[in-house]
Amino acid sequence: MPRLTVNGKQIEVPAGTNLIEAARHAGVEVPHYCYHPSLSIAGQCRLCMVDIEKAPRPTIACNTVAADGMVVLTETDRVRETRCARRGSRSWSST
Ligand code: FES
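To start, this report covers the structure provided alongside it. (Residues numbered from 1 in each chain as written. Predicted model: local features only at pLDDT ≥ 70, side-chain atom pairs only at ≥ 80, totals over all residues.)

## A closer look at the overall build of the protein chain
Counting its secondary structure elements, the protein chain contains 2 helices and 5 strands. The helix and strand sequence of the protein chain, counted from the amino end, reads β-β-α-β-β-β-α. Its C-alpha radius of gyration of 13 Å places the protein chain within 12% of the 12 Å reference for a compact globule of 95 residues. With the C-alpha coordinates of the protein chain rotated into their principal frame, the extents come out at 40 × 30 × 25 Å. The buried share of the protein chain, taken over its 95 residues, is 29%. Taking the intrachain contacts of the protein chain between residues at least 6 apart in sequence as the baseline, contacts between residues at least 24 apart amount to 44%. (Helix = DSSP H or I, 4+ residues; strand = E, 2+ residues; numbered from the N terminus. Rg over C-alpha atoms; globule rule 2.2 N^0.38 Å. Buried ≥ 20, exposed ≤ 12 C-beta atoms within 10 Å, placed from the backbone. Contact = placed C-beta atoms within 7 Å.)

See the structure below:
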């Protein structure tokens, strides 16, 4: 069971859990559109972007599996910018 940190909260999730579901374990909702837990991963909308410490750029949470020691941030400036760019609006926020 990987142990990771989401927005500063340490959690442990079952192996194979993606970062949308891992964030839910931490009480964090990652915005998403094309993800549904009962369907295959489409990875098309790109709204579920999150930052992973030491990663060069944000990545999609729906198709990224939680790993031991991973540090995930869901509300960084570059994540917000990426989400806004995908929606075509600078005023959109997940809060
Ligand atoms: S929810 Fe659409 S790409 Fe992740």
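## Quick word on unusual backbone geometry
Positive phi values are uncommon outside glycine, yet Asn7 reaches one of about 50°. Secondary-structure assignment places Asn7 in the loop between strand S1 (3-6) and strand S2 (9-12). According to the C-beta neighbour criterion, Asn7 is partly exposed, with 15 such atoms within 10 Å. At Arg46, a residue that is not glycine, the phi angle is positive and equals roughly 65°. With respect to the helices and strands, the residue Arg46 is situated in the loop between helix H1 (19-25) and strand S3 (49-52).

## Examining the sheet that holds strand S4 (residues 59-60)
Spatially, the 5 strands line up as an open sheet ordered S2-S1-S5-S3-S4, and their pairing is mixed. Both outer strands of the open sheet, S2 and S4, are each paired with one neighbouring strand and no more. As judged from the 2 bridges shared by S3 and strand S5 (residues 71-73), these two strands associate in the antiparallel manner. Looking across to S5, one finds that Asp51 is bridged to Leu73. (Pairing = 2+ DSSP bridges.)

## Quick word on the environment of Arg83
Here Arg83 is to be found in helix H2 (residues 77-87). Residue Arg83 is classed as buried on the basis of its C-beta count, with 22 C-beta atoms lying within 10 Å.

## As for the pairing of S3
Here S3 runs beside S4; their pairing, made up of 2 bridges, is antiparallel. Looking at S4, one finds that Met49 is bridged to Ile60.

## Let's talk about the nonpolar core
Leu19, Ile20, Ala22, Ala23, Val30, Cys48 and Ala61 are the most contacted members of the largest nonpolar core, which totals 21 residues. Contributing elements (two or more residues each) for this core: S1, H1 and S3. Counting residues per element, this core draws most heavily on H1, which supplies 4 residues. Apart from residues no more than four positions distant in its own chain, Cys48 is found in contact with Ile20, Val30, Pro31, His32, Tyr35, Ile60, Ala61 and Cys62. (Core = buried A, V, L, I, M, F, W, Y, C linked by C-beta atoms within 7 Å.)

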